[in-house]
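Below are the chains, spelled out letter by letter.
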Amino acid sequence: KKYEGLNFSKFKCRMVVLGNHWKNVHGVSTFSNMVDMDTLKFIIAIAAVEGWEFFKTDVAEAFLTTTVNKKREKRHVDVPDEPDGTYYARRPPGLTDDDMPYIIQPDAYIYGHPRAGREFSLDVKEGIVGRYGYSVSNYCGKVYFHTDELGTAIIAHATDDLPTIASTPAKKKQVLEMISTLYPNHTKEDPATIILGMTVSFDRERKTATLRQEAAIVDLLNSCYPEWESVGLETLPKVPLPPPPAQLGKKDRLLITDMLEGKEITEYQSRVGQLNWITNTVHKIMPAQRLKAKRNANPTAFDMKQVNHIIRHVAYLQRTGDHGMTIGGSNGVSLLATVDTSYAPTDPYSSDLRSITGGTIHMSAETGSIISLCARHDFTTDSSMAAEGVGCHLVVKKILPLRIFLNELGFRQTKPTMIYMDNEPFLNAVTGDKGASNRSKHIMIKLNIIHEAYQAGEIEFAHMSTNNIPSDGLTKLLAFKDYDHKAGYIDGTKPLCLEGKPRKY
């Protein structure tokens, strides 16, 4: 059975080879190739902005289309031959000799075999690229695109689904015919309303798309907080976690010394993992979730208390409908970013003095962040200006490949991507002629990368006040007033407040 939306809309029966415990002789676990979630959201944003159709083809029994010991063309003559892929499986419990032999020798890679996903992915690539001339994106190897007289199509590969955007009805028809030819036993959902657990709804007039993970949220709440629908709304926390106090209370000091053990650790990690999946569309809980993910290896009872607090806040978001994200906008297919770094924040729960950077990447000031960043630095910096440089570098490293991605898809980026920051000394160092100070020499390489991108016209900078910069909400735990204010910018429920003018190089 497959849990989609808020109903059991699909029922499936699969033969699985040793489930998720299968590992081959090299210790390789079961996995399926799939497009990155941020890339998929980016493609959906393009469909919203351009008014393109978004649809999905689902290859039925996809892995059973693979053939054991299929000979493929070698990438190089010196590459060794693939080992014999013949394998054997015991029949599922409950079946008899009348159904199948006790030991079977499958002709296809049964679901769960470590080669199943890889072989299907190679088949898809050989068909779409080899037979039909699609190009593979340099940005993401699971994105294929093609332009001809009928229009443009961009296909993402997500396990056995092929979510696609097409610029014209004729191009859409061509894609469906191609998939039907490659895989006659396929089903299509038109339009694609659910993909990888995300519900997608378009507002064509506003050129926006709204993404939600309601099924994942309800699943989390039902399993970890069964009473979430019946408790008083006023009892649910309005922030994921409150700002840390100067000193913990006596009860919390005792909880922080109570280490979890055995199944408690597994349960803690499971809850943190489910929260992490939800951050694909609920970016505003990232700081709290990332803070607790740091404790995955050795959590305490206090950590579990805080994770449960985050889950209760998710219940508040679900009850009030304040979850999900709105992306796209009427500014065309372009990029806009904000970045802010919290310099060596005081953390009463640890002695970690590394700074934390928050970043948001939008397609319009009218809408929310498609890709959000909440990252603790790899090393300690000794000034706020140096910390801002490291943080800006993290965001620029995401922006430059995205610009290349858009260029190869046919959306030429003729204007620089605007980056909004609140640190004037850093902006002066990058856009002016002052250069780096002695206190920031150790990040010179990172600053040079930013400066070169600025001089090349790939990026520009403008000032944005701390009060209005959404990325500040991804660097630390905030009280409700600030959290609610900046969460609106992140989710796209209110437009960004663009204050400063571009700094020309």
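The structure presented is a predicted model; accordingly, all values stated were derived computationally and were not measured.

Parameters and conventions
- Residues numbered from 1 in each chain as written.
- Predicted model: local features only at pLDDT ≥ 70, side-chain atom pairs only at ≥ 80, totals over all residues.
- Heavy atoms only, no water.
- Phe/Tyr/Trp six-rings, centres within 6.5 Å; stacked < 30°, edge-to-face > 60°.
- Helix = DSSP H or I, 4+ residues; strand = E, 2+ residues; numbered from the N terminus.
- Buried < 20%, exposed > 50% of the residue type's maximum accessible area, 1.4 Å probe, protein only.
- Lys NZ or Arg CZ within 6 Å of the ring centre and 35° of its normal.
- Salt bridge = Lys/Arg side-chain N within 4 Å of Asp/Glu carboxyl O.
- Contact = heavy atoms within 4.5 Å.
- Axes fitted to C-alpha atoms, helices over the stretch in contact; angles between N-to-C directions.
- Parallel < 35°, antiparallel > 145°, perpendicular 65-115°, else oblique.
- Left-handed = near helix turned anticlockwise from the far one by under 90°.
- Nonpolar A, V, L, I, M, F, W, Y, C, P; charged D, E, K, R; others polar.
- Expected span 1.5 Å × (residues − 1).

### So, the packing of aromatic side chains
Inference 1: What the rule picks out here adds up to nine aromatic pairs.
Inference 2: Ring plane angle 55° and centroid distance 5.6 Å describe the contact between F120 and Y183, whose orientation is recorded as tilted. Taken together, the positions of F120 in helix 2 (residues 116–131) and Y183 in the loop between helix 3 (169–182) and strand 10 (186–189) put the pair 63 residues apart, joining distant regions of the chain. Neither residue differs from the other here; F120 and Y183 are each classed as buried.
Inference 3: Ring pairing ties together the aromatic residues F42, Y139 and F405, which thus form one cluster.
Inference 4: The ring of F55 has K172 lying over it, and the distance from NZ or CZ to the ring centre is 5.4 Å.
Inference 5: Above the face of the Y489 ring, K494 is positioned so that its terminal group lies 4.7 Å from the ring centre.

### Quick look at the pattern of salt bridges
Inference 1: According to the stated counting rule, one finds 14 salt bridges in the structure shown.
Inference 2: A salt bridge links K41 to D38; its shortest N-O distance comes to 3.1 Å. Residue K41 and its partner D38 are located together in helix 1 (residues 37–50), separated by three residues, close to a single helical turn.
Inference 3: D38 gets classed as partly exposed once you look at its relative accessible area, which sits at 21%.

### A few points about the side chain of D252
Inference 1: Note that D252 resides in helix 5 (residues 250–255).
Inference 2: Apart from residues lying up to four places away in sequence, D252 is in contact with F302 and K305.

### With respect to the packing of helix 4 (residues 214–224) against helix 6 (residues 263–278)
For any two helices packed against each other, the geometry is given by the interaxial angle and the distance between the axes.
Inference 1: At a closest axis distance of 10 Å, the pairing of helix 4 and helix 6 adopts a crossing angle of 160°. In terms of orientation, helix 4 and helix 6 fall into the roughly antiparallel class. The interaxial crossing formed by helix 4 with helix 6 has left-handed handedness. Counting all contacts with helix 4, which are made through A216, I217, L220, S223 and C224, the residues of helix 6 involved are E267, R271, Q274, L275, W277 and I278.
Inference 2: Looking at the contact of helix 4 with helix 6, its residues break down into seven nonpolar, two polar and two charged.

### Focus on the environment of I399
Inference 1: The topology assignment puts I399 in helix 9 (residues 384–408).
Inference 2: Of the residues examined, I399 reaches a relative accessible area of 0% and is grouped as buried.
Inference 3: Spatially, the C-alpha atoms of I399 and I361 are 8.0 Å apart, while their sequence positions differ by 38 residues.
Inference 4: If sequence neighbours within four positions are ignored, I399 has contacts with L335, A337, I361, T417, I419 and I459.

### Notes on helix 2
In an α-helix, one full turn covers 3.6 residues, which means residues spaced three or four apart are oriented alike.
Inference 1: Between its first and last C-alpha atoms helix 2 spans 21 Å; for 16 residues at 1.5 Å apiece the expected length is 22 Å, and the two agree.
Inference 2: Every buried residue of helix 2 is accounted for by A116, G117, E119, F120, S121, D123, V124, G127 and I128.
Inference 3: Among the residues trailing helix 2, G133 stands out with phi positive, at a value near 75°.

### A short note on helix 9
Inference 1: Look at helix 9: 37 Å from first C-alpha to last across 25 residues, which is about the 36 Å you get at 1.5 Å a residue.
Inference 2: Once helix 9 ends, the next one or two residues include G410, with phi positive near 105°.

### Topic: the packing of helix 9 against helix 10 (residues 424–431)
Inference 1: Contact geometry of helix 9 with helix 10 gives a least axis separation of 9 Å together with a crossing angle of 65°. When the axes of helix 9 and helix 10 are compared, the crossing they make is right-handed. Side by side, helix 9 and helix 10 meet where M385, E388, G389 and C392 of the first sit next to P425, F426 and A429 of the second.

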